[in-house]
Amino acid sequence: MGAAADHFIGLMSGTSLDGVDGVLCRFEGDQPQVVAHVALPFTQGLKQTLLDLNTPGTNELHRAALAANALARTYVAVVARLLGEGGLPAWRVLAIGAHGQTVRHQPGLHDGTGYTLQLNNPALLAEHTGIDVVADFRSRDIAAGGQGAPLVPAFHARVFGQSEQTVSVLNLGGISNLTVIPPRPPAQTQRAGEVRGFDCGPGNALMDHWCQQHTGQAFDRGGAWAAQGEVHTGLLQALLNEPFLDQPPPKSTGRDLFNPDWLAQRLAAWPGLRAADVQATLTEFTALACANALKLHGQGSRQLLVCGGGALNDELMRRLRAQLPDLSVRSTAAAGLPPLQVEAVAFAWLARQAVLRQTGSLPSVTGAEGARILGALYPAGDPPIRL
Ligand SMILES: Nc1ncnc2c1ncn2[C@@H]1O[C@H](COP(=O)(O)OP(=O)(O)O)[C@@H](O)[C@H]1O
Ligand SMILES: [Mg+2]
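In this text the structure is predicted, and so the values were computed from the model without any measurement.

S.K.: Honestly, helix α1 (residues 44-52) in this entry has me stumped. Any pointers?
M.R.: Residue pairs spaced three or four apart in an α-helix point in one direction, given the helix's 3.6 residues per turn. Taken residue by residue, α1 has Leu46, Lys47 and Leu50 as its buried positions. Projected down its long axis, α1 carries its buried residues within an arc of 100°, all on one side. Those residues of α1 that are buried lie in contact with α2 (60-86), β5 (101-106) and β6 (115-119).

S.K.: How should I be thinking about the packing of helix α6 (residues 205-215) against helix α9 (residues 260-267) in this particular structure?
M.R.: Packed helix pairs are specified by the crossing angle of their axes together with the interaxial distance, meaning the distance between the axes. Following both chains from N to C, one finds α6 and α9 inclined at 75°, their axes separated by 10 Å at the closest point. The orientation of α6 with respect to α9, classified from their angle, is roughly perpendicular. Facing Leu206, His209 and Trp210 of α6, the residues of α9 in contact are Pro260, Trp262, Leu263 and Leu267. Considered class by class, the residues forming the contact of α6 with α9 number 6 nonpolar, 1 polar and no charged.

S.K.: Sorry if this is basic, but what is going on with the environment of Leu170 here?
M.R.: Assignment of secondary structure puts Leu170 in strand β8 (residues 167-172). In the structure, Leu170 is positioned 137 residues away from Cys307 in sequence and 6.2 Å away in space, judged by C-alpha atoms. With sequence-adjacent residues up to four places away left out, Leu170 is seen in contact with Ser176, Asn177, Leu178, Cys200, Cys290, Leu304, Leu305, Val306, Cys307 and Leu320.

S.K.: Sorry if this is basic, but what is going on with the pattern of salt bridges here?
M.R.: A pair can form between side chains of opposite charge whenever their charged atoms are brought close. Evaluation of the coordinates by the stated rule reveals 11 salt bridges. Within the structure, one salt-bridge network assembled from shared partners comprises Glu284, Glu315, Arg318 and Arg319.

S.K.: Can you walk me through the sheet that holds strand β2 (residues 19-28) in this structure?
M.R.: By definition, the strands of a sheet pair up through backbone hydrogen bonds, in either a parallel or an antiparallel sense. In spatial order, the strands read β3-β2-β1-β4-β7-β13; together these 6 strands make up an open sheet with mixed pairing. Single-partner strands in this sheet number two, and they are β3 (31-41) and β13 (376-378). The sheet shows a mean angle of 20° between the axes of neighbouring strands, direction not considered. Contacting β1 (7-12), β4 (93-98), β7 (133-135) and β13, helix α3 (residues 122-129) crosses the sheet at an angle of about 165° to β7. Here helix α12 (residues 342-355) sits on the sheet in contact with β1, β2, β3, β4 and β7, set at roughly 125° to β1.

S.K.: So what exactly am I meant to see when it comes to the domain arrangement of the chain here?
M.R.: As a measure of interface size, the accessible area lost when the parts come together is often cited. Looking at the chain, the domain boundaries give domain 1 (7-147 + 344-378) and domain 2 (153-335). Taking the mean C-alpha position of each, domain 1 and domain 2 sit 23 Å from one another. At the interface, 25 residues of domain 1 touch 21 residues of domain 2. Of the roughly 1900 Å² buried at the junction of domain 1 and domain 2 (both faces included), carbon and sulfur atoms supply 53%. Counting the surface domain 1 buries against domain 2, the share from its top three residues, Thr15, Ser364 and Val365, is 27%. On inspection of domain 1 and its partner domain 2, the count reaches 1 salt bridge. Between Arg158 and Asp30 there is a salt bridge, with the nearest N and O atoms lying 3.2 Å from each other. Looking at the side of domain 1 that touches domain 2, the elements with two or more residues in it are β3, α1, β5, α12 and α13 (363-366). Counted by class, the side of domain 1 that touches domain 2 contains 10 nonpolar, 12 polar and 3 charged residues.

How each quantity is defined
- Residues numbered from 1 in each chain as written.
- Chains lettered and ligands numbered in written order.
- Predicted model: local features only at pLDDT ≥ 70, side-chain atom pairs only at ≥ 80, totals over all residues.
- Heavy atoms only, no water.
- Buried < 20%, exposed > 50% of the residue type's maximum accessible area, 1.4 Å probe, protein only.
- Helix = DSSP H or I, 4+ residues; strand = E, 2+ residues; numbered from the N terminus.
- Arc of directions from axis to C-beta.
- Contact = heavy atoms within 4.5 Å.
- Axes fitted to C-alpha atoms, helices over the stretch in contact; angles between N-to-C directions.
- Parallel < 35°, antiparallel > 145°, perpendicular 65-115°, else oblique.
- Nonpolar A, V, L, I, M, F, W, Y, C, P; charged D, E, K, R; others polar.
- Salt bridge = Lys/Arg side-chain N within 4 Å of Asp/Glu carboxyl O.
- Pairing = 2+ DSSP bridges.
- Domains from an automatic or database assignment.
- Buried area = accessible area lost by both parts, 1.4 Å probe.

As structure tokens, this is what we get:
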């Protein structure tokens, strides 16, 4: 029997703006087998360009189009490396799921004003890889009245769900999101409870910003700098007063809300704080926002699996465990998927759902009218450029 086109590629570049995580994988049922993982950091120039596009500015349509081209070329480089590391030709890949770079996320109300914008050039990606590309996953859910985010809970539920107990999954990217997965009943006749999911608030975005500004480092490796500081209770309380944290789900957020201006407004009341103390406070704030969300909506979870780059921040994980003493808090690596691969595999899975004409969204999570097939297909065409 000859080899088949049975692999998928997922490309995720999240709100942290650290770069692209790409995976090449196959699925046995819904279970992923990762063949290769490539993390390619953005150049400082592209990172700054994308960061600038998160706020209104002159001639931004032109700048956005150029940034989308640059991002797509970075995606092409990741795909080439994935195929090289996996030892596979491009034709073995059925589709690439390419998330794009979110620069605005304003899901709005059920009044037709909502939109979400991920910069991308899927046509360029299809042209230069010779592989079908699925892109723009979020818009359809917003069109159906949903938040368009988070989209990973459906995948989390298939991969991390258990039959005996409720499991929660926390993704600590630039923004954090939580998935609560009720037990899967053993008998087909019994209905499973509904999977819940929502954005908790900031993940690494504020900590990264402060760290970059005061140490010149893109992020606080291992949380070592935060570990040298002390939490300032006044600032912590001011941060926790953010109304988004108390909003009931469905809800989603982004850099539109949690950005340097938001932080500066709250810091204004405490001039002269030690920078390391602010970092410690931001770390505690992130841990608390997530832990409080879990206490409120976790439906008795005893297990928390953590993914995203924040899972590698030991100080953040320590503070999270301190807030959740009754739970087992572990990295998703303990459940078979390293934390930096989870979202990329989720977008490979979403591309597969689109190719199979199956829904990828969960209305119980996003609040949409119903589950939808997500994404737009950019066929590779013939003859494609071969990598
Ligand atoms: N070793 C580490 N120690 C502390 N934080 C880390 C480490 N590695 C990654 N991170 C954090 O994770 C972020 C990237 O996480 P990621 O899951 O890629 O988020 P996003 O999906 O928003 O891009 C980095 O910006 C950094 O804040
Ligand atoms: Mg990232």
